[in-house]
Amino acid sequence: MASTEDKPANKESTSSWKDSIYNPRTGEFLGRTACSWGLILLFYLVFYCFLAGMFALTMWVMLLTLDDYVPRYRDRVPFPGLVIRPNSLDIHFNKSDPLKYATYVQHLESLLQRYNDSTQQVNEDCPPGEYYIQDDTEVMTKKVCRFKRSALSLCSGLSDTSFGYSEGKPCVLLKMNRIIGLKPRGDPYINCTLKKESPIQMQYFPIEGRIDKMYFPYYGKRAHEDYVQPLVAVKLLLTKEDYNKELAVECRVEGSDLRNDDERDKFLGRVTFRVKVVE
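Residues numbered from 1 in each chain as written. Predicted model: local features only at pLDDT ≥ 70, side-chain atom pairs only at ≥ 80, totals over all residues. Heavy atoms only, no water.

### Focus on the overall build of the chain
Then comes step 1: Scanning the chain for helices and strands turns up four helices and 10 strands.
Then comes step 2: Helices (α) and strands (β) of the chain occur, in sequence order from the N terminus, as α-β-β-α-β-β-α-α-β-β-β-β-β-β.
Then comes step 3: Across the 279 residues that make up the chain, the buried fraction comes to 34%.
Then comes step 4: Here the analysis covers contacts within the chain between residues at least 6 apart in sequence; of these, 73% occur between residues at least 24 apart. (Helix = DSSP H or I, 4+ residues; strand = E, 2+ residues; numbered from the N terminus. Buried < 20%, exposed > 50% of the residue type's maximum accessible area, 1.4 Å probe, protein only. Contact = heavy atoms within 4.5 Å.)

Here is the structure:
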């Protein structure tokens, strides 16, 4: 049983604990008066407003240095990669079953919608073999050189809506990634070879897989809003001896100063894909 001397001590301990939160005699809350809390809150309000203002000023100055049409720094990707459509590096299908290659056909048809002759008719008929320079124009929106899907002939999907897949001679479309200001030297073209196998016959559209200079330079997504990359179609003329085999095909950009031999980047100026056709 607690002694009478312990009771005042317990009351003092309880009172001291309550006073540490709020002291009614001095009006302090957590050891500070209302005036002290007000000064602290005012200090932090001014301090964080100053930091927010400094951040906003820094962002405003940085935005003044940027161009709405051209990125300030463009040195990280000096050479374009090569992209293949259909959107697959493994093209396996049964030529007798349309469902097996329907996805590939849809990929090609979707890509070529922007290249329809009716759509491209509004674009410029540029002189071939020359860069289409538009740097001296005051208008920021640049004109686009015409590239009609009919230029892809047997791989255009116009005369053969299956793009050759129904006959076991599939078409693939190749294009280079967009790089602002790129002007490749020489006469770039696409060349495809079979890796570690006997060669097969291929057809290129446009002729010899040429990528005309008139589609360069590219001025950026905002300035060149309707720009479309030039395409090269490759039709693989497979025979029955090539069926039921997985064939590795490598395509490269040749004939120019564009790099295609960087071992650290397998898609820089080249692409490798596999094809297997089953009867």
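### Let's talk about the sheet that holds strand 5 (residues 171–176)
Then comes step 1: Taken in spatial order, the four strands line up as 3-5-8-7 in an open sheet, and their pairing is antiparallel. Two strands lie at the open edges of the sheet, namely strand 3 (82–85) and strand 7 (201–205), each paired on one side alone. The mean inter-strand angle of the sheet, taken between neighbouring strand axes irrespective of direction, is 25°.
Then comes step 2: Both strand 3 and strand 5 contribute to a ladder of four bridges, which runs antiparallel. Directly across from Leu82, in strand 5, lies its bridge partner Met176.
Then comes step 3: Here helix 3 (residues 98–112) sits on the sheet in contact with strand 3 and strand 5, set at roughly 45° to strand 5. (Pairing = 2+ DSSP bridges. Axes fitted to C-alpha atoms, helices over the stretch in contact; angles between N-to-C directions.)

### A short note on the pairing of strand 4 (residues 90–94)
Then comes step 1: On strand 4, burial follows the alternation: Ile91 and Phe93 on one face are buried, whereas Asp90, His92 and Asn94 on the facing-out side are not.
Then comes step 2: For strand 4 and strand 10 (residues 270–278), the ladder comprises five bridges, and the chain directions are parallel. Bridge pairing in strand 10 links His92 to Lys276.

### Some points on a nonpolar patch on the surface
Then comes step 1: On the surface, Phe43, Tyr44, Phe47, Tyr48, Phe50, Leu51, Met54, Leu57, Trp60, Val61 and Leu64 cluster together into a nonpolar patch covering about 1200 Å² of accessible area.
Then comes step 2: Here Leu57 lies in helix 2 (residues 34–64).
Then comes step 3: The exposure class assigned to Leu57 is partly exposed, which follows from its relative accessible area of 46%. (Patch = residues over 30% accessible without salt bridge, like charges linked within 9 Å, V, L, I, M, F, W, Y side chains within 5 Å. Areas by Shrake-Rupley, 256 points an atom, 1.4 Å probe, with all protein chains shown as cover. Salt bridge = Lys/Arg side-chain N within 4 Å of Asp/Glu carboxyl O.)

### Digging into unusual backbone geometry
Then comes step 1: Geometrically, the link from Arg85 to Pro86 is a cis peptide bond, its omega value of 15° lying close to zero.
Then comes step 2: Its place among the elements puts Pro86 in the loop between strand 3 and strand 4.
Then comes step 3: In this structure, Ser153 is a non-glycine residue whose phi angle is positive, near 50°.
Then comes step 4: Following the sequence through the fold, Ser153 ends up in the loop between helix 4 (117–120) and strand 5.
Then comes step 5: With relative accessibility at 32%, the residue Ser153 sits in the partly exposed group.
Then comes step 6: Notably, Glu208 is not glycine yet its phi reads approximately 60°, a positive angle.
Then comes step 7: Topologically, Glu208 is positioned in the loop between strand 7 and strand 8 (232–237).

### Here we look at the side chain of Asp242
Then comes step 1: On the secondary structure map, Asp242 appears in the loop between strand 8 and strand 9 (247–256).
Then comes step 2: Notably, Asp242 is buried but unbridged: the nearest opposite-charge side chain belongs to Lys245, and the N-O separation is 5.2 Å.
Then comes step 3: Among residues more than four places away in sequence, those in contact with Asp242 are Ile200 and Leu247. (Lys, Arg positive; Asp, Glu negative; His and termini not counted.)

### Observations concerning the pattern of salt bridges
Then comes step 1: Overall, the coordinates contain 10 salt bridges when judged by the stated rule.
Then comes step 2: Note that Arg210 is salt-bridged to Glu208, the shortest N-O span being 3.1 Å.
Then comes step 3: By relative accessible area, Arg210 is classed as partly exposed at 32%.
Then comes step 4: Residue Glu208 is classed as partly exposed on the basis of its relative accessible area, which comes to 48%.
Then comes step 5: The network of salt bridges with shared partners includes Asp187, Glu208 and Arg210.

### Overview of the packing of aromatic side chains
Then comes step 1: Overall, the coordinates contain 12 aromatic pairs when judged by the stated rule.
Then comes step 2: The structure contains a cluster of three or more aromatic residues connected by ring pairs, namely Phe43, Tyr44, Phe47 and Tyr48.
Then comes step 3: The ring centre of Tyr219 lies 5.1 Å from the NZ or CZ of Lys142, which sits over that ring. (Phe/Tyr/Trp six-rings, centres within 6.5 Å; stacked < 30°, edge-to-face > 60°. Lys NZ or Arg CZ within 6 Å of the ring centre and 35° of its normal.)

### With respect to helix 3
Then comes step 1: Over its 15 residues, helix 3 runs 20 Å from end to end, which matches the ideal 21 Å to within 8%, given 1.5 Å per residue.
Then comes step 2: At Tyr104, helix 3 is bent by approximately 30°, the largest bend along its length.
Then comes step 3: Among the residues of helix 3, those classed as buried are Tyr101, Tyr104, Val105, Leu108, Leu111 and Leu112.
Then comes step 4: In this structure, the buried side of helix 3 is in contact with strand 3, strand 4 and strand 5. (Expected span 1.5 Å × (residues − 1). Bend = angle between axes of the 7 residues up to and from the residue.)

### Some remarks on the nonpolar core
Then comes step 1: Formed by 56 residues in total, the largest nonpolar core has its most connected members in Tyr165, Ile190, Cys192, Val234, Cys251 and Phe273.
Then comes step 2: The element best represented in this core is helix 3, accounting for six residues.
Then comes step 3: Setting aside anything within four residues of it in sequence, one finds Cys251 in contact with Leu82, Leu174, Ile190, Asn191, Cys192, Gly269, Arg270, Val271 and Phe273. (Core = buried A, V, L, I, M, F, W, Y, C linked by side-chain atoms within 4.5 Å.)

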